[in-house]
Amino acid sequence: MNKIINPKNHKNLYFAIGFTLVFILYISFVWVPLSSCFSIDIGIKSLGLANYNIEMVQGFFQARDQAQLFCYSQFLKFWDVIFAVISTAMFGSWIVYFFKSKRLLLVAPTVLGMIADWSENFLELLMLKTYSNSGAISETLVSLGSGLNIFKLTMSGLTWLIILVGIILALKTFLTKPKLT
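Remember, it's a predicted structure, so these values are computed and weren't measured experimentally.

Novice: Go over the packing of aromatic side chains with me, naming the residues and quoting the values.
Specialist: Following the criterion strictly, the structure yields 14 aromatic pairs and no others. Between the aromatic rings of Tyr-97 and Phe-98, the centroid separation amounts to 5.4 Å while the plane-to-plane angle is 55 degrees, which identifies the pairing as tilted. Site record: aromatic cluster; members linked through ring pairs are Phe-23, Trp-31, Phe-38, Phe-60, Phe-61, Tyr-72, Phe-75, Phe-83, Phe-91, Tyr-131 and Trp-160. Above the face of the Phe-60 ring, Arg-64 is positioned so that its terminal group lies 3.7 Å from the ring centre.

As structure tokens, then:
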């Protein structure tokens, strides 16, 4: 019981629940509605959700008009950055709750994922700028962006795995705890 969840200190639980509510509200009322300005019915909805290559990036940009591309750049500069901060705070607070402060190293994948997301956004903005200026996209930028995206998704998967282990350990502790009679 000592290694997981201190029942006397629920401050970390309140932070985790609070950041989860902020995350849900942000997704519902900001992130999804603001991403609709560059959304199209067919094709890739966002570059940050999959491994991509130069043809996919070219197709993504060509399928959108200048207003949609401007909207996408604003989304990457502001709203997606805020999303990364809020999701990192949420996932990190759950990890700290499940594993206490002695396990802060377990928060590293979440923070690294946020940094990779920001870096990928920066590279996508560079791709968009070169596309807007010349109609061409650098293969190097695409490779770096795609690599960062894979790293970000890997860190996200690792974060979910850590949280799942925390849930399992918490349930095990709860279910095997001696009952007071």
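Novice: Lay out the confidence of the model for the protein in plain terms, naming residues and giving numbers.
Specialist: Residues at a pLDDT of 70 or more form 93% of the protein, whose mean pLDDT is 91. Model confidence for the protein, summarised as mean pLDDT per element, is weakest for helix α2 (residues 54–62) at 94 and strongest for helix α4 (residues 108–134) at 97.

Novice: Could you give an account of the nonpolar core, with specific residues and numbers?
Specialist: Within soluble globular proteins, side chains that are nonpolar tend to cluster in buried spots. Grouped together as the largest cluster of nonpolar side chains are 20 residues, with contacts concentrated most on Leu-47, Val-57, Phe-61, Tyr-72, Met-127, Ile-137 and Val-142. Elements with a minimum of two residues in this core: α2, α3 (66–99), α4 and α5 (139–176). Excluding residues that lie within four positions of it along the chain, Ile-137 makes contacts with Ile-54, Val-57, Gln-58, Phe-61, Met-127, Thr-130, Tyr-131 and Val-142. Listed in part, the 16 residues of the second largest apolar core include Tyr-26, Ile-86, Met-90 and Phe-98.

About the criteria used
- Residues numbered from 1 in each chain as written.
- Predicted model: local features only at pLDDT ≥ 70, side-chain atom pairs only at ≥ 80, totals over all residues.
- Heavy atoms only, no water.
- Phe/Tyr/Trp six-rings, centres within 6.5 Å; stacked < 30°, edge-to-face > 60°.
- Lys NZ or Arg CZ within 6 Å of the ring centre and 35° of its normal.
- pLDDT = per-residue confidence, 0-100.
- Helix = DSSP H or I, 4+ residues; strand = E, 2+ residues; numbered from the N terminus.
- Core = buried A, V, L, I, M, F, W, Y, C linked by side-chain atoms within 4.5 Å.
- Buried < 20%, exposed > 50% of the residue type's maximum accessible area, 1.4 Å probe, protein only.
- Contact = heavy atoms within 4.5 Å.

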